[in-house]
Amino acid sequence: MVKNAGKRGKIKISGKLTVKQLEKKADDIRKNTVDIVVKNGAGHIAPSLSSVDILTVLYYRIMNVKPDAEEEKRDRLVFSKAHGCYGLYSILADKGYLKGKDWQSFYKGSFLSGCAERSVKHGIEAGCGSLGHGLPIATGMAFGAKLRNRKYRVYCIVGDGEMQEGSNWEAIQFAVKHELSNLTIIVDHNGLQAMDFLEEILTPKGRKDDLQKKMRGFGAEVKTCNGHNIKDMVDNIEGWSRTKKRGRPPRALIANTIKGYGLKCMENIPKFHFRIPTDKELETGKRYE
Ligand SMILES: [Mg+2]
């Protein structure tokens, strides 16, 4: 159980966590997420687990988060792969933006939806149930910040499958054209989309660097990393933060992840996209305490 779980109005903003603390926090979030969603019978556990480490790095180390979720100077996170939002809910409850009882009753009467819906006062910046919309929204936010000379940054987590949507590529063109270096895109690159592998849908066989090449070709500044290696992600994102030069393109970090990471029974197995593990499957083991 995550301590400090949400009593909205008593927000706890701690300092930046160390890499070791982040690793522990990510495990706590994983455990809390699995405990609640399995108990409550919700699906979409696997796509939620692939982005837990990414979210933990952003919320507990990188982003400028504020006690008031609507504070103008806050950094924004748009979570575009919104059906995989359970890790996000767990973090928002841990931070205190969501009440603990609302998260604990998720899927059992809570107002929280299976897809994250916009509720800025609870820390959810955009509703992205229909895929391919989060990045255009985040690009608009970053453009608005640049026009008004605001210093906050905009982060957008997108799924690799949803990068097939043309709206994302229009957004990247716009962000490159307008030099939106205040926009950081993080691709949860788990190699799966819904119930199949990307290479069985639109990604050419054997082209593991397909997204990297395409995004670079569109003009973004692209890096790749291990999306379950906290230090790797911190080093990459903080390395960008130290670059003060203006007039740079948007940044894109392609984080290689494993769908279902943390529960060995479902890792990289397509059928678990929306399937709840049985008690026997859970006995296969976990990657967290
Ligand atoms: Mg995917």
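Scroll up for the structure.
**Examining the nonpolar core**
Leu 58, Tyr 59, Tyr 89 and Met 215 are the most contacted members of the largest nonpolar core, which has 83 residues in total. It is helix H3 (residues 52-62) that contributes the most residues to this core, 8 residues altogether. With residues up to four places along the chain from it excluded, the contact list for Leu 58 reads Met 63, Leu 77, Tyr 155, Ile 157, Ile 186 and Ile 237.

**A look at helix H1 (residues 19-40)**
Along its 22 residues, H1 runs 31 Å from first to last C-alpha, staying within 8% of the 32 Å computed at 1.5 Å per residue. When H1 is considered as a whole, its buried residues turn out to be Leu 22, Lys 25, Ala 26, Ile 29, Arg 30, Asn 32, Thr 33, Val 34, Ile 36, Val 37 and Asn 40. Next to the buried residues of H1 lie helix H2 (45-49), H3, helix H4 (86-95), helix H5 (100-104) and helix H9 (230-241). Of the residues one or two after H1, Gly 41 is the one with positive phi, at around 80°.

**A closer look at the coordination of the magnesium ion**
Protein coordination at the magnesium ion comes from Asp 160 (OD), Asn 190 (OD1) and Leu 192 (O), with a distance range of 2.1 to 2.2 Å. Binding-site remark: the magnesium ion is held by donors from one chain whose sequence spacing is D-x29-N-x1-L. Among the residues examined, Asn 190 registers a relative accessible area of 8% and is labelled buried.

**Brief notes about the packing of aromatic side chains**
One pass over the structure, following the stated rule, counts 7 aromatic pairs. Here the aromatic rings of Trp 169 and Phe 218 are separated by 4.8 Å at their centres, their planes lie at 50°, and the arrangement is tilted. Separated by 49 residues along the polypeptide, Trp 169 in helix H7 (residues 166-177) and Phe 218 in the loop between helix H8 (210-217) and strand S6 (221-226) bring together distant segments of the chain. For Trp 169, a relative accessible area of 13% puts it in the buried group.

**Here we look at the pattern of salt bridges**
Within the structure shown, the criterion is met by 21 salt bridges. Note that Glu 72 is salt-bridged to Arg 76, the shortest N-O span being 3.7 Å. Taking relative accessible area as the criterion, Glu 72 reaches 32% and is therefore assigned partly exposed. Arg 148 is the salt-bridge partner of Glu 72, the closest N and O atoms lying 3.6 Å from each other. In this pair, Glu 72 is assigned in the loop between H3 and strand S1 (76-79) and Arg 148 in the loop between helix H6 (134-147) and strand S2 (154-159), connecting sequence segments 76 residues apart. Residue Arg 148 is classed as partly exposed on the basis of its relative accessible area of 41%. One salt-bridge network, in which partners are shared between bridges, spans Glu 72, Arg 76, Arg 148 and Arg 150.

**Structural notes on the side chain of Glu 267**
Position of Glu 267 relative to the elements: it lies in the loop between strand S7 (251-256) and helix H10 (279-282). Judged by its relative accessible area of 14%, Glu 267 is buried. Here Gly 262 takes part through its backbone nitrogen, which lies 3.0 Å from a polar atom of the side chain of Glu 267. With residues near it in sequence (within four places) discarded, Glu 267 still touches Ile 258, Lys 259, Gly 260, Tyr 261, Gly 262 and Arg 287.

**What about the sheet that holds strand S3 (residues 183-189)?**
Hydrogen bonds between backbone groups are what pair the strands of a sheet, and the pairing can be parallel or antiparallel. Spatial ordering of the open sheet is given by S1-S2-S3-S7-S6, a layout of 5 strands whose pairing is parallel. The sheet is open, and its two edges are formed by S1 and S6, each paired on a single side. Strand-to-strand twist of the sheet, defined as the mean angle between neighbouring strand axes without regard to direction, takes the value 20°. Across 4 bridges, the pairing between S1 and S2 is parallel. If you follow Phe 79 over to S2, its bridge partner there is Ile 157.

**A short note on the layout of surface pockets**
Roughly 550 Å³ of volume is contained in the largest pocket. Every residue lining the largest pocket is counted, 22 residues in all, and those nearest its centre are Lys 151, Arg 153, Ser 181, Asn 182 and Arg 246. A total of 3 residues in the lining of the largest pocket trace back to one element, the largest contributor, which is H9. The residue inventory of the lining of the largest pocket, partitioned by class, reads 5 nonpolar, 7 polar and 10 charged. There is about 460 Å³ of room inside the second largest pocket. Around the second largest pocket, the lining is made up of 24 residues, and of these His 189, Gly 191, Leu 198, Thr 203 and Arg 207 lie nearest the centre. Looking at the lining of the second largest pocket, the elements with two or more residues in it are H8 and S7. Per element, the largest residue contribution to the lining of the second largest pocket is 4 residues, and it comes from H8. When the residues that make up the lining of the second largest pocket are grouped by side-chain class, the tally is 7 nonpolar, 10 polar and 7 charged.

Cut-offs and rules
Residues numbered from 1 in each chain as written. Predicted model: local features only at pLDDT ≥ 70, side-chain atom pairs only at ≥ 80, totals over all residues. Heavy atoms only, no water. Core = buried A, V, L, I, M, F, W, Y, C linked by side-chain atoms within 4.5 Å. Buried < 20%, exposed > 50% of the residue type's maximum accessible area, 1.4 Å probe, protein only. Helix = DSSP H or I, 4+ residues; strand = E, 2+ residues; numbered from the N terminus. Contact = heavy atoms within 4.5 Å. Expected span 1.5 Å × (residues − 1). Donors = N, O, S within 2.8 Å, 3.2 Å for Na, K, Ca; no water. Phe/Tyr/Trp six-rings, centres within 6.5 Å; stacked < 30°, edge-to-face > 60°. Salt bridge = Lys/Arg side-chain N within 4 Å of Asp/Glu carboxyl O. Polar contact = N/O pair within 3.5 Å; in protein donor to acceptor, adjacent residues only side chain to side chain. Pairing = 2+ DSSP bridges. Axes fitted to C-alpha atoms, helices over the stretch in contact; angles between N-to-C directions. 1 Å grid on protein atoms, 1.4 Å probe; cavity = no way out; pocket = protein on both sides within 12 Å on 5 of 7 lines; lining within 4 Å. Points joined across faces, edges and corners; volume = space filled by probe spheres on them. Nonpolar A, V, L, I, M, F, W, Y, C, P; charged D, E, K, R; others polar.

In short, shape yes, function no, at least from these values alone.
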